[in-house]
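The primary structure of each chain is shown beneath.
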Amino acid sequence: MGAVEAREIKKRFAAFERTGLIGRRRIVVNALTGLSFDIRWGEAYGLLGPNGAGKSTAVKILSTLLLPDEGSATVNGFDVVSQPREVRRSIGLVLYPDKGFYARLSGRENLVYFGRLYGLNKSEADSRATELLKLMDLSNAADRPYEEYSLGMRVRLSIARALIHDPPVIYLDEPTIGLDPISSKSVRELLMELKKNGKAILLTSHNLWEVEEVCDEVGIINGGRIIMEGEPSEIKARLGLKYVIEIDVNVGSSLRTLRVETKDPAAELRRLLGEVNGEVKGIKIREPTLEEAFVAAVSNGRN
Ligand SMILES: Nc1ncnc2c1ncn2[C@@H]1O[C@H](COP(=O)(O)OP(=O)(O)OP(=O)(O)O)[C@@H](O)[C@H]1O
C-alpha cells in the first residue's frame, strides 16, 4: 500500500460570477476534474500548478478538511471519507506559518500544547518538543515568545508542529514562501532528511527550483487534473527542453557572446568550439529548468 493514493477525485464548488456592475449569477467551479496520483514511502511528490489549478483543494481533501464529490483517496491505507480520524493521525500539515500559533507562548510551549492536543502526555510532549526544537535548529530560541520569531524561525516551528505526533505522511503548502536562500536551503535539507527516514512528503510550491531539488516525482496540475507526471529530469526530456550554451569570445578588441539553444549540449559545444574564431574567454551551459517545463506543459496541455 502506497503512502497516498488518489483516484479520479472530482470536486465542484458553487460560486457566484459578476454580471455587469451589480448583477451576479450562480456558477459551478470544477476545482478537481479527475485527480489521480500516488506517493510512495520515502518519496517526495511535488504538486505544481498555476493559481486556481486545484492544489489547495487536493491538499484539503487529502487532509479530510473537504469531502470529495467523486473518486476516492487513501492516506497511510486509511480512506479519507470513512476513516478521517485515522487519516488525521497519519498526517502532519504545514500551512502558512502564522496559522494557529499562540503569539505570547514560547516556541516550546506552543509545541507542547499541540503535542497534548494530539494525545501525548506531559512528559512525552516535553521531550518530543525538545527533540524537534533541536532538529529545527531552534534550541536557542525555544523559550522566546513566538511573536519574536523571524519568518524563517516560524516556518521551522510550523514544520516541528507538523512532526509532533511523528506522522508518516507530511503535507507542505508552499513552505519556503518569503524565506531567504539560507533558510529555504535548510528547509530543503530537512525534507531530504525526512525522506531518508521513510516519510512520504507532498509539497505544493511555486518555487520550481525547490521542487526540482527535493522531489522524486512531480505532477503538473492544471484544470483540476494532472496533465504531466514524472521525475523532474524525465519531464524535461519529454518536453524536449533545450540547454543554453553561451560562449564569450574575444574578437579583435571586443568581447562577443555566442548563445545557442540545443538538446545535445556536448555535441553542440564541440561544434561551436571548432568553429569559433577568436580567444574563448568563458563558457556557460545552463540546464533547462523545471520552470520552463511547467510553462510548456501548461501551455501545451500535453500528456
Ligand atoms: N470554497 C470555494 N468556493 C468556490 N470556489 C472555490 C473554493 N475553493 C476553491 N475554489 C475554486 O476552485 C479552483 C481551485 O482552487 P484551489 O485553491 O484549489 O487552487 P490552487 O491551485 O491551490 O491555487 P493557488 O495556487 O492560487 O493557491 C479555483 O477556481 C478556485 O476559485
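Starting from 1, residues in each chain are numbered consecutively following that chain's sequence as written. The predicted nature of this model means local features are confined to residues of pLDDT at least 70 and side-chain atom pairs, given and counted, to a pLDDT of 80 or more, with totals for whole chains, interfaces and linings taken over all residues. Side-chain descriptors were evaluated using all non-hydrogen atoms of the structure, hydrogens and water having been removed beforehand.

The protein chain carries the name ABC transporter ATP-binding protein in an unreviewed UniProt entry, which gives Thermocladium modestius as its organism.

Attention shifts here to the sheet that holds strand β6 (residues 91-94). For two strands to be treated as a pair, DSSP must find at least two bridges joining them. Comment: elements are numbered from the N terminus, with helices defined as DSSP H or I runs of at least four residues and strands as E runs of at least two. One open sheet holds the six strands; their spatial order is β6-β7-β8-β3-β9-β10, and the pairing between them is mixed. Each edge of the open sheet is held by one strand with a lone partner, namely β6 and β10 (225-230). Across the sheet, the mean angle separating the axes of adjacent strands is 20° when strand polarity is ignored. For strand β9 (residues 217-222) and β10, the ladder comprises five bridges, and the chain directions are antiparallel. Residue pairing for β10: Ile220 is matched across the bridge by Met228. The sheet contacts of helix α1 (residues 55-62) involve β3 (44-48), β6, β7 (169-173), β8 (200-204) and β9, and relative to β8 the element is tilted by about 150°. Note on contacts: a residue pair is in contact if any heavy atoms of the two residues lie within 4.5 Å. Each axis is a line fitted through C-alpha atoms, taken for helices only over the stretch in contact, and angles between the N-to-C directions span 0 to 180 degrees. Where helix α5 (residues 151-163) meets the sheet, it contacts β6 and β7, and its direction lies at approximately 165° from that of β6.

A word on the site of the ligand. Residues are labelled near a given molecule or strand when at least one of their non-hydrogen atoms is within 4 Å of it. Residues in contact with the ligand, as listed here, are Phe13, Val29, Ala31, Pro50, Asn51, Gly52, Ala53, Gly54, Lys55, Ser56, Thr57 and His206. Between N or O atoms, a polar contact is any pair within 3.5 Å; within protein, one atom must be a potential hydrogen donor and the other a potential acceptor, and residues adjacent in sequence are included only when both atoms are from side chains. Gly52 places a main-chain nitrogen or oxygen 2.8 Å from an oxygen atom of the ligand. Separating an oxygen atom of the ligand from a side-chain N or O atom of Thr57 is a distance of 2.5 Å. Protein coverage of the free-state accessible area of the ligand, which is 640 Å², stands at 61%. Breaking the shell around the ligand down by element, the ones donating at least two residues are β2 (23-39) and α1. If one sorts the elements of the shell around the ligand by residue count, α1 sits on top with three residues. Within the shell around the ligand, the residues separate by chemical class into five nonpolar, six polar and one charged. Per-residue accessibility takes into account occlusion by the displayed protein chains alone, with areas from the Shrake-Rupley method and a 1.4 Å probe. Under the grouping applied here, Gly and all other residues not named as nonpolar or charged are polar, the nonpolar ones being Ala, Val, Leu, Ile, Met, Phe, Trp, Tyr, Cys and Pro and the charged ones Asp, Glu, Lys and Arg.

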